[in-house]
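# Observations on the three-dimensional arrangement
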Amino acid sequence: MTARETVLEVTDLHVSFKSIAGKVQAVRGVNFSLKKGETIAIVGESGSGKSVSIRTIMGILSKNAVIERGSILYDNQDLVTLTEKQYEEIRGKKIGLIFQDPLSSLNPLMKIGRQIAEVYTENYGMSNAEARQKALEIMADVGIPEPEIRYNQYPFQFSGGMRQRIVIAIALANDPDILICDEPTTALDVTVQARILQLIKKIRDTRGVSIIFITHDLGVVANIADRVYVMYAGRIVEQGTCEDIFLDPRHPYTWALLTSIPDMKSREPLAAIPGTPPNMVHPPKGDAFAARNRYAMKIDLDEQPPMFRVSDTHYAATWLLHPDAPPCEPPQALKDRITEMKREAGVL
């Protein structure tokens, strides 16, 4: 099998925000790549830097943001160096974005058909009749029933799941190379969430679009992502394939995220991550997760761990992987869950 082409490469990205309290170091040396037709997931709790990273890619940072260094390579150009006018040829047209709240993304006073159709009239110079036909086609593609009728309805007449499909249709109207999904299922119930995830997988498989999926919930990405990047305090702390992250996690933060996923089969209380994320105006000099990590060693308080290689596809930034570190295993509850997942996957 031939290697897939890399369509996006983020290297050593540092982004901060000016504030009254000082410089908020939101993204601190992030590296990740995206290949053609691939889905990657960036996972982490609120404040980890995942949304700031994708807003930097889209060129929609707030005015108090500063890109201190790093590069974002797409289509033989560094997006960090582009002017706003140059970005207008990429944002939406080449790189699409789906926000987590579809209601706030849609104009409540405009019929949804027109909101989709104006992509074709404004960007491609189509006539109203041509744009209407294209809008109806893409509404059907994303699973909106009776598009001829729904075309003339307003956002409030749709459920949350259907509004999310409308937002997806608008993003797809430009036929982008990359689709960024920023927590697109957060406000939806579990059943609707599963349908939206299935739709995103279908879009990837039929259109060949590359997808960046942003979420705080590792459970959401289990069946959609090819590779997973776990973020904490502005850094990538673990990366690997889905199998690597779910069946052989190595960073204590990844352990904590996995044990906090609800498990209907378990009678144990739902685990929570103790403490709070660090103050990013004054981030810790060592491992940022050390204060919340019951497995932390003295070196975690003094030095940032490098990325240790677990395998060709799997890396984690934890001193527990150092050859001189004492043996350490994940909590028993997680070991039991991993065993069950391996059994279900046919590994055991």
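The preceding data block contains the structure.
Description of the structure in this document. Values in this document were obtained by computation on a predicted structure and should not be read as measured data.

A few words on helix 5 (residues 128–141). Taking 1.5 Å of rise per residue, the 14 residues of helix 5 would be expected to cover 20 Å, and the 20 Å separating its terminal C-alpha atoms lies within 8% of that figure. The secondary structure elements touched by the buried residues of helix 5 are helix 4 (112–124), helix 6 (147–150), helix 7 (160–172) and helix 8 (190–207). Looking at the residues trailing helix 5, positive phi occurs at Gly-143, about 85 degrees.

Now for the sheet that holds strand 9 (residues 227–232). With respect to topology, eight strands assemble into an open sheet ordered 6-7-8-3-9-10-12-11, the strand pairing being mixed. Both outer strands of the open sheet, strand 6 (95–98) and strand 11 (308–309), are each paired with one neighbouring strand and no more. Sheet topology places strand 7 (residues 178–182) next to strand 8 (residues 210–215); five bridges connect them, and they run parallel. Counterpart to Leu-179 in the pairing with strand 8 is Ile-211. The sheet contacts of helix 8 involve strand 3 (39–43), strand 7 and strand 8, and relative to strand 8 the element is tilted by about 155 degrees. Those strands touched by helix 11 (residues 252–259) are strand 3, strand 9 and strand 10 (235–241), and its axis lies near 105 degrees from that of strand 9.

All right, on to the nonpolar core then. Ranked by size, the top nonpolar core spans 65 residues in total, and within it Ile-116, Phe-213, Leu-218, Val-221 and Val-228 carry the most contacts. At seven residues, the largest contribution of residues to this core is made by helix 7. Here Ile-116 is in contact with Ala-135, Ile-138, Met-139, Ile-166, Ala-169 and Ile-170, once residues within four sequence places are set aside. The next biggest cluster of nonpolar side chains, apart from the first, holds 33 residues, and it includes Val-7, Leu-8, Ala-26 and Val-27.

In total, this model carries one cavity of 30 Å³ or more according to the counting rule given. Empty space within the largest cavity amounts to approximately 30 Å³. If you trace the largest cavity, you find it lined by His-251, Pro-252, Asp-287, Asn-293, Tyr-295, Ala-296, Asp-300, Thr-318 and Leu-320. Among the residues making up the lining of the largest cavity, the classes are represented as four nonpolar, three polar and two charged.

Definitions and cut-offs
Residues numbered from 1 in each chain as written. Predicted model: local features only at pLDDT ≥ 70, side-chain atom pairs only at ≥ 80, totals over all residues. Heavy atoms only, no water. Helix = DSSP H or I, 4+ residues; strand = E, 2+ residues; numbered from the N terminus. Expected span 1.5 Å × (residues − 1). Contact = heavy atoms within 4.5 Å. Pairing = 2+ DSSP bridges. Axes fitted to C-alpha atoms, helices over the stretch in contact; angles between N-to-C directions. Core = buried A, V, L, I, M, F, W, Y, C linked by side-chain atoms within 4.5 Å. Buried < 20%, exposed > 50% of the residue type's maximum accessible area, 1.4 Å probe, protein only. 1 Å grid on protein atoms, 1.4 Å probe; cavity = no way out; pocket = protein on both sides within 12 Å on 5 of 7 lines; lining within 4 Å. Points joined across faces, edges and corners; volume = space filled by probe spheres on them. Nonpolar A, V, L, I, M, F, W, Y, C, P; charged D, E, K, R; others polar.

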